[in-house]
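Here are the chains, one letter per residue:
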Amino acid sequence: MEEVDLIIQNAGQVATCSSPAGPKRGPEMQDAGLISDGAIAIRGNEIAAVEERKFIQSNYTARKIIDAQGMAVCPGFVDPHTHVVYASNRVNEFELRIKGTSYLEIMAAGGGIVSTTRAVRSASVNELVDQAWSRLDAMLQLGTTSVEIKTGYGLDAANEMKMLEVIEILASKHPCTIVPTFLGGHAIPSEFKNNPEDYVDLVIEKMIPEAAEWYERSLFKRNKIPFCCDVFIENNAFNFEQSRRIFNAASKAGLGIKIHADEFTSLGGVSLAVEFNALSADHLDATNAEDRAQLAASHTIAVVLPGVNFNLGSSQFANARALIDEGCALALATDFNPGSAPCPSQPLIMAIASRYQKLLPAETLNACTINAAHALGLGDRVGSIEPGKKADLIILKTADYRFLSYEFGGNLVDTVIKNGVVQ
Ligand code: NIG
Ligand code: FE
């Protein structure tokens with residue numbers, strides 16, 4: 001008998017999402033790695049074993065036992081694309097959109113990302129931490145245990161650094177695992193409206209070097225959490241050449257690469273992602289078959305964000321079905337932000353993806369767990385229930401994990417365990 005710290009027993013179903021060889025692709029995404037009548041042994045913050053109940057019962061003892069009462073247990077969700085550090089809100093723009101103004105029109109008229117930038121610039125570090133903290137709490141209650149957070153509402157050196165400082169404070173105190181991403185290339189700030197190239201120079205010459213230096217002395221580097229540079233390639237944001245210049249500088253400074261690609265317009269973002277061996281290419285709404293083939297042949301994870309289409313009232317969604325069928329490793333994310341997706345819930349994203357993108361519940365679960373972990377470079381640590389991984393688990397209020405996609409609008413998560421600790 002081996003003594004561990006915690007045993008979760010009597011799980012009617014454990015959806016392990018196990019995938020030791022890397023992210024899941026194609027038909028592998030239909031396999032949730034189910035163990036019926038399972039149990040999980042946890043030592044410290046790590047999973048020691050996941051097996052059938054009888055095996056755990058006869059091999060492990062623990063002082064603390066949680067009875068899952070026949071319900072399903074899944075990995076904690078990984079949300080690989082968010083902008084949860086922001087101030088204020090854009091509920092007025094929401095009303096404008098209901099009346100017919102489009103997201104891109106609002107952006108071109110000086111609203112959108114740059115309006116949140118005004119709010120972030122005038123907010124203090126503490127205010128930003130407090131507001132993001134409650135968003136992270138909401139996400140944790142909905143089962144998300146690892147979250148990527150982007151900068152991109154500072155858009156000058158001091159305020160982008162302020163956002164990185166906020167992200168590091170959150171990471172040092174909040175139970176969620178947090179992954180920072182530098183998104184100085186999110187929008188052209190209003191003061192550079194007439195000379196965008198000068199803003200790109202500022203990103204390259206000042207912001208990236210400062211961000212790279214910050215990372216070197218940050219807790220993220222110490223904890224081996226990757227740090228990427230992201231760019232929004234789009235009309236009225238950054239064009240192909242500008243995005244490429246930013247990625248060149250970021251790669252030279254040792255940052256990984258992520259990209260907001262093909263959200264509304266296909267401008268070559270997928271080629272850039274593949275050229276720079278990006279961890280992920282995100283959105284992919286306007287991605288054509290040729291670019292899907294490029295992604296399928298690469299290591300880059302395809303991250304789709306159907307909460308954005310839903311929130312913008314669109315009936316057009318990224319062709320996630322084709323992405324999977326053609327061999328990409330697909331992940332799902334909320335894109336939680338005040339404009340295009342004010343949504344903390346990975347299960348709601350799963351529900352949307354099943355209905356509008358024709359993904360099976362197992363595909364949505366793998367996309368929100370193991371593949372999402374790989375989109376952050378954390379595939380060796382989180383995203384599945386496997387020995388040696390962090391003990392990040394959720395016990396559901398239902399015996400069948402497929403209810404995560406099937407039901408929507410409530411919260412099917414009963415218990416969240418992060419790093420072996422009940423939250
Ligand atoms: O992923 N597309 C660019 N960035 C975000 C939107 C951020 C915002 O509207 O504030 C996105 O959709
Ligand atoms: Fe985004």
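Residues numbered from 1 in each chain as written. Chains lettered and ligands numbered in written order. Predicted model: local features only at pLDDT ≥ 70, side-chain atom pairs only at ≥ 80, totals over all residues. Heavy atoms only, no water.

A. Highlighting the coordination of the iron ion (ligand 2). Distances from the iron ion (ligand 2) to its protein donors, His81 (NE2), His83 (NE2), His260 (NE2) and Asp335 (OD), fall at 2.1 to 2.4 Å. In primary-sequence terms, the residues that donate to the iron ion (ligand 2) follow H-x1-H-x176-H-x74-D. Of this pair, His81 sits in the loop between strand E6 (77–79) and helix H2 (91–98) while His260 sits in strand E10 (residues 256–261); the two residues are 179 residues apart in sequence, bridging distant segments of the chain. One exposure class covers both His81 and His260, and it is buried. (Donors = N, O, S within 2.8 Å, 3.2 Å for Na, K, Ca; no water. Helix = DSSP H or I, 4+ residues; strand = E, 2+ residues; numbered from the N terminus. Buried < 20%, exposed > 50% of the residue type's maximum accessible area, 1.4 Å probe, protein only.)

B. How the structure looks around the environment of Asn311. Turning to its location among the elements, Asn311 is positioned in helix H12 (residues 306–311). Overall, Asn311 belongs to the buried group, its relative accessible area being 18%. Measuring from C-alpha to C-alpha, the distance between Asn311 and Pro342 comes to 8.0 Å, with 31 residues separating the pair along the chain. If we ignore the near neighbours within four places in the chain, the residues touching Asn311 are Phe94, Arg97, Gly339, Ser340, Ala341 and Pro342. Of note is the side chain of Asn311, whose polar atom sits 3.1 Å from the backbone oxygen of Gly339. (Contact = heavy atoms within 4.5 Å. Polar contact = N/O pair within 3.5 Å; in protein donor to acceptor, adjacent residues only side chain to side chain.)

C. Inspection of the packing of helix H7 (residues 196–216) against helix H9 (residues 240–252) at higher detail. One way to put it is that H7 packs onto H9 with a least axis distance of 10 Å and a crossing angle of 10°. In terms of their interaxial angle, H7 and H9 are classed as roughly parallel. Where H7 approaches H9, its residues Pro196, Glu197, Val200, Asp201, Val203, Ile204 and Ile208 are matched on the opposing element by Gln242, Arg245, Ile246, Ala249 and Ala250. For the contact of H7 with H9, the residue count by class is 8 nonpolar, 1 polar and 3 charged. (Axes fitted to C-alpha atoms, helices over the stretch in contact; angles between N-to-C directions. Parallel < 35°, antiparallel > 145°, perpendicular 65-115°, else oblique. Nonpolar A, V, L, I, M, F, W, Y, C, P; charged D, E, K, R; others polar.)

D. Highlighting the site of ligand 1. Lining the immediate environment of ligand 1, one finds 15 residues, of which Tyr103, Tyr153, Glu263, Asp335 and Ser340 sit closest. Here a nitrogen atom of ligand 1 and a side-chain polar atom of His186 are 2.8 Å apart. Here ligand 1 has 320 Å² of accessible area as a free molecule, and 100% of this is covered by the chains. Residue composition of the shell around ligand 1, by class: 4 nonpolar, 8 polar and 3 charged. (Near = heavy atom within 4 Å. Areas by Shrake-Rupley, 256 points an atom, 1.4 Å probe, with all protein chains shown as cover.)

E. Unusual backbone geometry, seen in detail. Residues other than glycine seldom take positive phi values, yet Leu155 does so here, at roughly 55°. Here Leu155 lies in the loop between strand E7 (144–150) and helix H6 (157–173). Accessibility expressed as a relative area gives 0% for Leu155, which makes it buried. A positive phi angle is found at His283, which is not glycine, with a value near 95°. Residue classification places His283 among the buried residues on the basis of a relative accessible area of 1%.

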